Amino acid sequence: MTIVPNRLGVKFNLKREPALAAADIVPIFQRWIQEHRVEGMLIDVIDYKHVPEGPGVILIADEGDYAYDFGDGQIGLHYIRKRNLPGDMASALLLAFRLALGAALCLEDEAPGDIEFDFSSAKISFLDRQRYRNDHSLYMALQDELSAILADIYGCDVALERAYDDPRLSFALRVTAQRDSVDGHKLLARLLERPVSA
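Residues numbered from 1 in each chain as written. Predicted model: local features only at pLDDT ≥ 70, side-chain atom pairs only at ≥ 80, totals over all residues. Heavy atoms only, no water.

Draft legend 1. Just the sheet that holds strand S8 (residues 171-177), in detail. Read across the open sheet, the eight strands follow the order S2-S3-S4-S5-S1-S6-S8-S7; overall the sheet is antiparallel. On the outer flanks of this sheet lie strand S2 (42-48) and strand S7 (158-162), each paired with one strand and no other. Going across the sheet, the axis of each strand differs from the next one's by a mean of 20 degrees, ignoring polarity. Summarising the sheet, strand S6 (residues 121-126) and S8 pair through six bridges and their orientation is antiparallel. By the bridge assignment, Ser-125 is partnered in S8 with Ala-172. Of the strands in this sheet, S2, strand S3 (56-61) and strand S4 (64-69) touch helix H1 (residues 25-35), which is tilted by about 175 degrees from S2. (Pairing = 2+ DSSP bridges. Helix = DSSP H or I, 4+ residues; strand = E, 2+ residues; numbered from the N terminus. Axes fitted to C-alpha atoms, helices over the stretch in contact; angles between N-to-C directions. Contact = heavy atoms within 4.5 Å.)

Quick look at the structure:
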């Protein structure tokens, strides 16, 4: 069984750049804290939107952070689970996907028709350099297991590839569902039916 990383991230990118300014995300995230709009013990909002291709605006929570992220030159919702991950990879990925997806759908509700995510594809980051060095041999060793888990999450065949070849960068994968489109609400409903082991 593959060891779960110390931290695990899932990012969904926007289909296009929205009219909503990045500065408008700060009060949205602050309101989310007051209204408990997303899961977790929500703590604070940090603004890094001045950093080129950086983490953008981060909603800090105890178990994991939600970011309106500008990494890789693409705007998206990035959830990073940083503690209390389940002990098996399937459950860990299911949890991170569900929380990232739920937050992305909440953000779509804030600007209907303007903020729209592409849920057919996601970047998965294994933020644990000690166990997850970014090289091709590790990818080959994990490819079959992770493809099977992600196909189960999406409910269809998926394509998997390394996000970065540079060994100085974190080990990350791009998963793409092999279907025309993925409805975020239907996918979330599917994931909510799935039990997550401790």
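Moving on, there is more to tell.
Draft legend 2. Here's a closer look at the packing of helix H3 (residues 136-154) against helix H4 (residues 184-192). Remark: H3 packs on H4, axes separated minimally by 9 Å, with the N-to-C direction vectors making an angle of 110 degrees. Taken as axis vectors, H3 and H4 run roughly perpendicular relative to one another. Seen from H3, the contacting residues are Asp-152, Ile-153 and Tyr-154; seen from H4, they are Leu-187, Arg-190 and Leu-191. Its residues placed into classes, the contact of H3 with H4 shows four nonpolar, no polar and two charged. (Parallel < 35°, antiparallel > 145°, perpendicular 65-115°, else oblique. Nonpolar A, V, L, I, M, F, W, Y, C, P; charged D, E, K, R; others polar.)

Draft legend 3. Looking closely at the pattern of salt bridges. Enumeration according to the criterion identifies 15 salt bridges in this entry. Here Asp-128 ties to Arg-131 by a salt bridge, and the two come within 2.9 Å at their closest N and O atoms. By relative accessible area, which is 5% here, Asp-128 ends up buried. Residues joined by salt bridges that share partners form a network here, namely Arg-31, Glu-35, Arg-37 and Glu-110. (Salt bridge = Lys/Arg side-chain N within 4 Å of Asp/Glu carboxyl O. Buried < 20%, exposed > 50% of the residue type's maximum accessible area, 1.4 Å probe, protein only.)

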